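A structural walkthrough
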Amino acid sequence: MHKNELPKEIIDILNQGTVIPALPLALNKDRELDVERQRLLMRYYLNAGAGGVAVAVHTTQFEIRLPKFNLFESVLEIAQEEFNRFVKRTQKPIIRLAGVIGNTQQAVCEAQTAKKYGYHAVLLSVAAFKEASNEEIIKHCRAVAAEMPVVGFYLQPAVGGRKLDVDFWREFARIDNVIAIKMAPFNRYQTLDVVRGVAESGRSYEIALYTGNDDNILVDLLSEYQTVVGDQVIRKRVVGGLLGHWAVWTHSAVQLLEKVHSGQLNGDMASALALANQITDCNAAFFDVANNFQGCITGIHEVLRRQGLLEGIWTLNENEALSPGQKEEIDRVYEAYPHLNDDAFVKSHLESWR
């Protein structure tokens, strides 16, 4: 599939910017797929106003691909059924992203599976190429882009990613079927490398930038990047977010992005930056920054459990749990920033989503 084959309304939503939560995996106490709650999560995100959902990504747990679990295709299928149901009911177009990882053979196979289930694009992680050269990784990316439109993914090293320089991002952005990039290095310098690479690629206005920097969400969304290329200044904004953080309190995230897009936060930048720090403080609790992100998935699960969207915080990896003190940190940010959660929204709709 080529980007030109995508519906125009999907490209428009992507370029205008939207909220794209990363889908968590719903398990029961036996650590088996909880199909009903997996559907419940999808219904929550879609009804909360998300413009897309990213499925089979880091937040969904990369282990779904292991033969002993074999859940990759099942999760794609469940999400696709919920996409179809929602679009049929509302006539609202929704961006459907599927995570793709591994070596070239695996990544191409996963892209083909995503295509089979009607996904629009793949979110491509190159974390498997730890020691590879730029040329080797670009060759890999081109192979996947030959199958599906690609959203690039700069994954932070703390959770398995690798450093990628400006030369890589310049060449990556020149791949014709690249339509967007999720910037999630959790590093200002490396984020600038992506923006500069895109600006120097000659395809700046064809590629949407999304923040994946869960530690810097609002500042990313409020910033304009101005990159000098020859005798031109290329202006580029981060138009939306593709975030694990937005897998919780999603309705509030939708309202936040609407305020950014409408300029409501431009008048009082001091207040906007204070809000940005509050969001980052919440992220520190959810993602377990104090323990180098060990509890980043279980932290998200804990918030969803409190809202009644998940039964428990179980993951496929039995060793994953909330870190010591993490529950108390989540308690703290819940109490400190009640205006950021969407508990009332969830409570008022939960039964109708079942």
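Our structure is the block above this text.
Residues numbered from 1 in each chain as written. Predicted model: local features only at pLDDT ≥ 70, side-chain atom pairs only at ≥ 80, totals over all residues. Heavy atoms only, no water.

Side note on the nonpolar core
- Grouped together as the largest cluster of nonpolar side chains are 106 residues, with contacts concentrated most on Val55, Tyr119, Phe172 and Phe286.
- When sequence neighbours within four positions are dropped, the list of residues in contact with Phe172 reads Ile138, Cys141, Val150, Gly152, Val178 and Ile181.
- Within the second largest apolar cluster, 23 residues are counted, among which are Leu6, Ile13, Ala22 and Ala127. (Core = buried A, V, L, I, M, F, W, Y, C linked by side-chain atoms within 4.5 Å. Buried < 20%, exposed > 50% of the residue type's maximum accessible area, 1.4 Å probe, protein only. Contact = heavy atoms within 4.5 Å.)

Considering the pattern of salt bridges
- For the structure on display, the rule yields 25 salt bridges.
- Between Glu82 and Arg43 there is a salt bridge, with its nearest N and O atoms 2.9 Å apart. Placement of the pair is Glu82 in helix H3 (residues 72–90) and Arg43 in helix H2 (residues 35–47), with a sequence separation of 39 residues.
- Ionic pairing is found between Glu171 and Arg174, a salt bridge with its closest N-O pair at 2.6 Å.
- A relative accessible area of 31% means that Glu171 is categorised as partly exposed.
- Among the charged side chains, a salt-bridge network with shared partners connects Arg39, Arg43, Glu81, Glu82 and Arg85. (Salt bridge = Lys/Arg side-chain N within 4 Å of Asp/Glu carboxyl O. Helix = DSSP H or I, 4+ residues; strand = E, 2+ residues; numbered from the N terminus.)

Thoughts on the environment of Phe172
- If you trace the backbone, Phe172 turns up in helix H6 (residues 166–173).
- Owing to a relative accessible area of 2%, Phe172 belongs among the buried residues under this scheme.
- Spatially, the C-alpha atom of Phe172 lies 10 Å from that of Val150, the residues being 22 residues apart in sequence.

Notes on the packing of H3 against helix H4 (residues 104–116)
- One way to put it is that H3 packs onto H4 with a least axis distance of 10 Å and a crossing angle of 30°. One finds that H3 runs roughly parallel with respect to H4. In the packing of H3 onto H4, the handedness of the crossing is right-handed. The residues of H4 that touch H3, namely those facing Phe72, Glu73 and Leu76, are Glu110, Thr113, Ala114 and Lys116.
- Here the contact of H3 with H4 is built from residues that sort into three nonpolar, one polar and three charged. (Axes fitted to C-alpha atoms, helices over the stretch in contact; angles between N-to-C directions. Parallel < 35°, antiparallel > 145°, perpendicular 65-115°, else oblique. Left-handed = near helix turned anticlockwise from the far one by under 90°. Nonpolar A, V, L, I, M, F, W, Y, C, P; charged D, E, K, R; others polar.)

Overview of the layout of surface pockets
- Here the largest pocket defines a volume of roughly 240 Å³.
- Together, 14 residues line the largest pocket, and Ser252, Ala253, Leu256, Ile279 and Leu340 are the ones closest to its centre.
- Of all the secondary structure elements, the ones that give two or more residues to the lining of the largest pocket are helix H9 (250–262) and helix H10 (269–286).
- A total of five residues in the lining of the largest pocket trace back to one element, the largest contributor, which is H9.
- Partitioning the lining of the largest pocket into residue classes produces nine nonpolar, four polar and one charged. (1 Å grid on protein atoms, 1.4 Å probe; cavity = no way out; pocket = protein on both sides within 12 Å on 5 of 7 lines; lining within 4 Å. Points joined across faces, edges and corners; volume = space filled by probe spheres on them.)

Considerations on the side chain of Gln326
- One can find Gln326 in helix H12 (residues 326–336).
- On the accessibility criterion, Gln326 (2% relative accessible area) is buried.

Brief notes about the packing of aromatic side chains
- Per the stated rule, a full pass over the model turns up 11 aromatic pairs.
- Ring centres 5.6 Å apart and planes at 55° place the aromatic pair Phe345 and Trp353 in the tilted group.
- On the basis of relative accessibility, which here comes to 13%, the residue Phe345 falls in the buried class.
- Feature note: the residues Tyr44, Tyr45, Phe345 and Trp353 constitute an aromatic cluster, connected by ring pairs. (Phe/Tyr/Trp six-rings, centres within 6.5 Å; stacked < 30°, edge-to-face > 60°.)

A look at the pairing of strand E7 (residues 208–211)
- Residues Ala208 and Tyr210 of E7 are buried on one face, and the alternating residues Leu209 and Thr211, pointing to the opposite face, are buried as well.
- Pairing analysis gives four bridges linking strand E6 (residues 178–184) to E7, with the strands arranged parallel. Paired with Ala180 across the strands is Ala208, a residue of E7.
- Between the parallel elements E6 and E7, the chain passes through helix H7 (residues 188–201) in a crossover that is right-handed.
- When E7 meets strand E9 (residues 232–243), the two strands line up parallel, connected through three bridges. Bridge pairing links Tyr210 to Gly240 in E9. (Pairing = 2+ DSSP bridges. Right-handed = clockwise from strand over helix to strand, strands pointing away.)

With respect to empty space enclosed by the protein
- Per the counting criterion, the structure on display carries five cavities of 30 Å³ or more.
- The calculated volume of the largest cavity comes to roughly 220 Å³.
- Mapped by element, the contributors of at least two residues to the lining of the largest cavity are strand E5 (150–155), E6 and helix H11 (296–306).
- It is H11 that provides the largest number of residues to the lining of the largest cavity, a total of three residues.
- When grouped by side-chain class, the residues that make up the lining of the largest cavity number 14 nonpolar, five polar and two charged.

Geometry only, nothing functional implied.
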